[in-house]
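Residue-level listing of the chains:
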Amino acid sequence: MLLGSHVGMSGKEMMLGSVKEALSYGADTFMLYTGAPQNTRRKEISELNIPAAHELMKANAITKFVVHAPYIINLANTVSPETYELAVTFLRKEIERTEAMGSDTLVLHPGSHVGEGEDAGIASIVKGLNEVLTPECKVHIALETMAGKGSEIGCRFEQLARIYDGVKWNSKLRICMDTCHLNDAGFDVKNDFEGVLRQFEKYFPLNQIACIHLNDSKNDQGAAKDRHENIGFGTIGYDALYGVTQISEFADTPIILETPYREIGGSADKLAPYKLEIAMLRNGTFNPKLFD
Ligand code: FE
Ligand code: FE
Ligand code: ZN
């Protein structure tokens, strides 16, 4: 299994710091944003310190990682042309950065239709993806399964399939499954993840899943909320999430934790939980006392 978390990328070290952070958690993969997820300020590719990062990855046999596009990209917005145009322009640059960094997977939230309805939103996403994807593109865009908060598109597999259907170069598309989002969208991740995969397979083969976001949820199944919880502390629970890591089809798929920082060992500040969560998932036992 390939297990990691999202990591930062900032300061002088940039991507080298991201790899160091991943290694400090005992991870063998990771996910990063090319800058703050809530804005579009980005450094030049030459300033990302990519060669040094790759040397350290090589020394530690890390071969796969994924990039996440910022949340503010909304290809589904048909109300504000500027928002849509920014999304297209920025997404093109994210594809360039992802390729330059050496990843073949860019995770993207499909978008929110902001009141104009699912059909209009999906048509706009398709149009945007058709503007950025080319047959030469080495990067796959992995559409993330969403919780269905607000007017989010991508909370049903059928919606993702409609996006695939409309995109000309859809061999460049993939799926990122987020367990918290699936739970909040109404899927029974807790008791029947195999059943969720069978539903998925009505639309896509499992090999379309290029990344898994492994998160517990603060909310009940179907709450349409999207609030992540630490592994074993939420409504999905440790056993079901551990089960996801053991599925043989995902042996080579990056499994990424996006769980919240929390107090650990009575710390004053909230700390990254990833080292403990990765250890608990590798050894197959939930041990909440590790966080005390
Ligand atoms: Fe996401
Ligand atoms: Fe996610
Ligand atoms: Zn989320």
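It should be noted that the structure appears before, not after, this text.
Read on for a plain summary of the structure. Here the structure is a predicted model, which is why all the values come from computation and not from measurement.

1. Let's talk about the coordination of the zinc ion (ligand 3)
Here the zinc ion (ligand 3) is held by His181 (NE2), Asp226 (OD) and His228 (NE2), and the distances to it run 1.9 to 2.3 Å. Read in sequence order, the donor residues for the zinc ion (ligand 3) give the motif H-x44-D-x1-H. The metal-metal distance between the zinc ion (ligand 3) and the iron ion (ligand 1) is 5.4 Å. Of the two residues, His181 is situated in helix α6 (residues 179-184) and Asp226 in the loop between β10 (216-217) and β11 (228-229); the sequence distance between them amounts to 45 residues. A relative accessible area of 17% means that Asp226 is categorised as buried.

2. What about the packing of helix α3 (residues 81-101) against helix α4 (residues 118-132)?
The interhelical angle for the contact between α3 and α4, taken along N-to-C directions, is 40°, at an axis separation of 10 Å. Comparing the axis directions of α3 and α4 gives the class oblique. When you trace α3 past α4, the crossing you get is right-handed. Side by side, α3 and α4 meet where Tyr84, Val88, Leu91, Arg92 and Ile95 of the first sit next to Ser124, Lys127, Gly128, Leu129, Glu131 and Val132 of the second. Looking at the contact of α3 with α4 residue by residue, the class counts come to 6 nonpolar, 2 polar and 3 charged.

3. Looking at the nonpolar core
Counting 79 residues, the largest nonpolar core has Met15, Phe30, Leu129, Ile141, Ile163 and Phe193 as its most contacted members. With 7 residues, the top contributor of residues to this core is α3.

4. Digging into the pairing of strand β12 (residues 254-257)
Residues Pro254 and Ile256 line one face of β12 and the alternating positions Ile255 and Leu257 line the opposite face, and both faces are buried. As paired elements, strand β1 (residues 2-7) and β12 share 4 bridges and run parallel to each other. In the strand pairing of β12, Leu3 is matched with Ile255. Pairing of strand β9 (residues 209-214) with β12, which is carried by 3 bridges, proceeds in the parallel orientation. Across the sheet, Ile212 pairs through a bridge with Ile255, a residue of β12.

Here is what the cut-offs are and how they apply
- Residues numbered from 1 in each chain as written.
- Chains lettered and ligands numbered in written order.
- Predicted model: local features only at pLDDT ≥ 70, side-chain atom pairs only at ≥ 80, totals over all residues.
- Heavy atoms only, no water.
- Donors = N, O, S within 2.8 Å, 3.2 Å for Na, K, Ca; no water.
- Helix = DSSP H or I, 4+ residues; strand = E, 2+ residues; numbered from the N terminus.
- Buried < 20%, exposed > 50% of the residue type's maximum accessible area, 1.4 Å probe, protein only.
- Axes fitted to C-alpha atoms, helices over the stretch in contact; angles between N-to-C directions.
- Parallel < 35°, antiparallel > 145°, perpendicular 65-115°, else oblique.
- Left-handed = near helix turned anticlockwise from the far one by under 90°.
- Contact = heavy atoms within 4.5 Å.
- Nonpolar A, V, L, I, M, F, W, Y, C, P; charged D, E, K, R; others polar.
- Core = buried A, V, L, I, M, F, W, Y, C linked by side-chain atoms within 4.5 Å.
- Pairing = 2+ DSSP bridges.

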